[in-house]
Amino acid sequence: VPAAVQAAEAASLDMLDDAARPKHDAVGAVPPAPGTMELARDLADQARGALRGGDFVRAEDLANRALETDPNNISAFFRRARARMRQERLDDALADTRRALELSGKSPNPSLLSLHSQVLNRLGRRAESVEAADRVLALNPASDKGMSQALFQKAWGLAGTGDRKTSLRLLAQAARLSKRYVPYYQEAAAAPEDQDITLVFASDWLGQDGPPPSDASAATPAGRLSALLGGDRSRRGVAPRDEAEAL
């Protein structure tokens, strides 16, 4: 990953961690014991490392420990949601993104909203996913990464509602902002009119956790879509690591 991208990710992560600090007076928040917030942040950072290493069980365990230490740590909820989503525990992941959004108040982190939108899409709750993606777009993310993520999620949600034309338009916009979405747009645009293009979206994981797939055929949307249509669902959710890696 280029140094500039690593720096941007670190800055975004710092914003997310900082967002957790003033929220202990939020509704339902439990004030942490003195000195525990630093420990919780350290555990949440370790969870991030476990996510990037593809160890989702360990990532969840570390996030659990962070939340036992500080029940209001937004970063820990964010990373536990990612870990649970990667384990196909979507309802649990949704509970985490909702709690993180509650703690975020009126200024949620765009990456958190994008993850919330993604979980809703994977649950088939298209209208809610589109609403969450619209919230990201309303924040006008400064980075192409943040904007393209939201456009991708909104395109997925609209594809699920049958609005193929608008979905393709938004997916094209995402592809112009980030090259990682180019093959997804090409695959969706080339699909027959009677084919459900949500399969193209469902084969992707917006934020890349873990190592790239060992099977090169799974490293493109076409390869993953073929695996889905062919009944091999073992590759579902596997996508190559690239510069679009989320928090």
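Residues numbered from 1 in each chain as written. Predicted model: local features only at pLDDT ≥ 70, side-chain atom pairs only at ≥ 80, totals over all residues. Heavy atoms only, no water.

Please set out the overall build of the protein residue by residue, giving values where relevant.
In terms of regular secondary structure, the protein is built from twelve helices and zero strands. The 247 residues of the protein split such that 52% are buried. Accessible surface, the protein as shown: approximately 10,700 Å² in total, 52% of it carbon and sulfur. (Helix = DSSP H or I, 4+ residues; strand = E, 2+ residues; numbered from the N terminus. Buried < 20%, exposed > 50% of the residue type's maximum accessible area, 1.4 Å probe, protein only. Areas by Shrake-Rupley, 256 points an atom, 1.4 Å probe, with all protein chains shown as cover.)

A description of the packing of helix 6 (residues 110-122) against helix 8 (residues 144-161) should follow, citing residues and the corresponding values.
Packing of helix 6 against helix 8 brings their axes to within 10 Å, and their N-to-C directions diverge by 20°. Comparing the axis directions of helix 6 and helix 8 gives the class roughly parallel. The way helix 6 lies across helix 8 gives a crossing that is left-handed. The residues of helix 8 that touch helix 6, namely those facing S111, S114, S117, Q118, N121 and R122, are Q149, A150, Q153, W156 and G157. Its residues assigned to classes, the contact of helix 6 with helix 8 shows two nonpolar, eight polar and one charged. (Axes fitted to C-alpha atoms, helices over the stretch in contact; angles between N-to-C directions. Parallel < 35°, antiparallel > 145°, perpendicular 65-115°, else oblique. Left-handed = near helix turned anticlockwise from the far one by under 90°. Contact = heavy atoms within 4.5 Å. Nonpolar A, V, L, I, M, F, W, Y, C, P; charged D, E, K, R; others polar.)

Pulling in residues and values, what's your account of the nonpolar core?
Counting residues in hydrophobic clusters, the biggest one holds 32 residues, and the most contacted among them are M85, L112, L115 and V119. The biggest single contributor to this core is helix 4 (residues 74-86), with seven residues. Residue contacts for L115: discarding those within four places in its chain leaves F78, A81, R82, M85 and T97. Counting 21 residues, the second-largest nonpolar core is a separate cluster that includes A159, A174, A175 and I197. (Core = buried A, V, L, I, M, F, W, Y, C linked by side-chain atoms within 4.5 Å.)

So what about the packing of aromatic side chains? Which residues, and what values?
Under the criterion given, the structure shown has five aromatic pairs. On the basis of an interplanar angle of 80° and a centroid distance of 6.0 Å, the ring pair of F152 and Y184 is categorised as edge-to-face. Here the residue F152 occupies a position in helix 8, and Y184 occupies one in helix 10 (residues 182-190), the gap between them amounting to 32 residues. A centroid spacing of 6.2 Å and a plane angle of 15° characterise the contact between W156 and F201, whose relative ring orientation is stacked. Residue W156 is located in helix 8, and its partner F201 is located in helix 11 (residues 198-202); the two are separated by 45 residues in the primary sequence. Judged by relative accessible area, W156 falls into the buried class, the value being 2%. In this structure F201 comes out as buried when scored by relative accessible area, which is 1%. (Phe/Tyr/Trp six-rings, centres within 6.5 Å; stacked < 30°, edge-to-face > 60°.)

So, the environment of L171: which residues are in play, and what are the values?
In this structure, L171 sits in helix 9 (residues 164-177). For L171, a relative accessible area of 0% corresponds to the buried category. Along the primary structure L171 and Q186 are separated by 15 residues, whereas in three dimensions their C-alpha atoms are 9.5 Å apart. Excluding its chain neighbours within four sequence positions, the residues that come into contact with L171 are F152, A155, Y184, Y185, A188 and F201.

Lay out the confidence of the model for the protein with the relevant residues and their values.
Here the protein shows a mean pLDDT of 78. Residues at 70 or above account for 68%. Helix 5 (residues 90-104) holds the highest mean pLDDT among the elements of the protein, 97, whereas helix 1 (residues 3-20) holds the lowest, 44. Long-range and interchain partners of residues 1-25, a stretch whose pLDDT sits below 50, account for 40 contacts in this model, where long-range means more than four residues apart. Within the model, the stretch residues 205-219 combines pLDDT values under 50 with 57 contacts to residues more than four positions away or in other chains. (pLDDT = per-residue confidence, 0-100.)

Lay out the packing of helix 4 against helix 6 with the relevant residues and their values.
Any two packed helices are characterised by the angle at which their axes cross and by the distance between the axes. Between helix 4 and helix 6, whose axes approach to 11 Å, the crossing angle comes to 30°. Viewed along their axes, helix 4 and helix 6 adopt a mutual orientation that is roughly parallel. Crossing handedness for the pair helix 4 and helix 6: left-handed. Facing helix 4, whose interface residues are I74, F78, A81, R82 and M85, helix 6 presents S111, L112, L115, Q118, V119 and R122.

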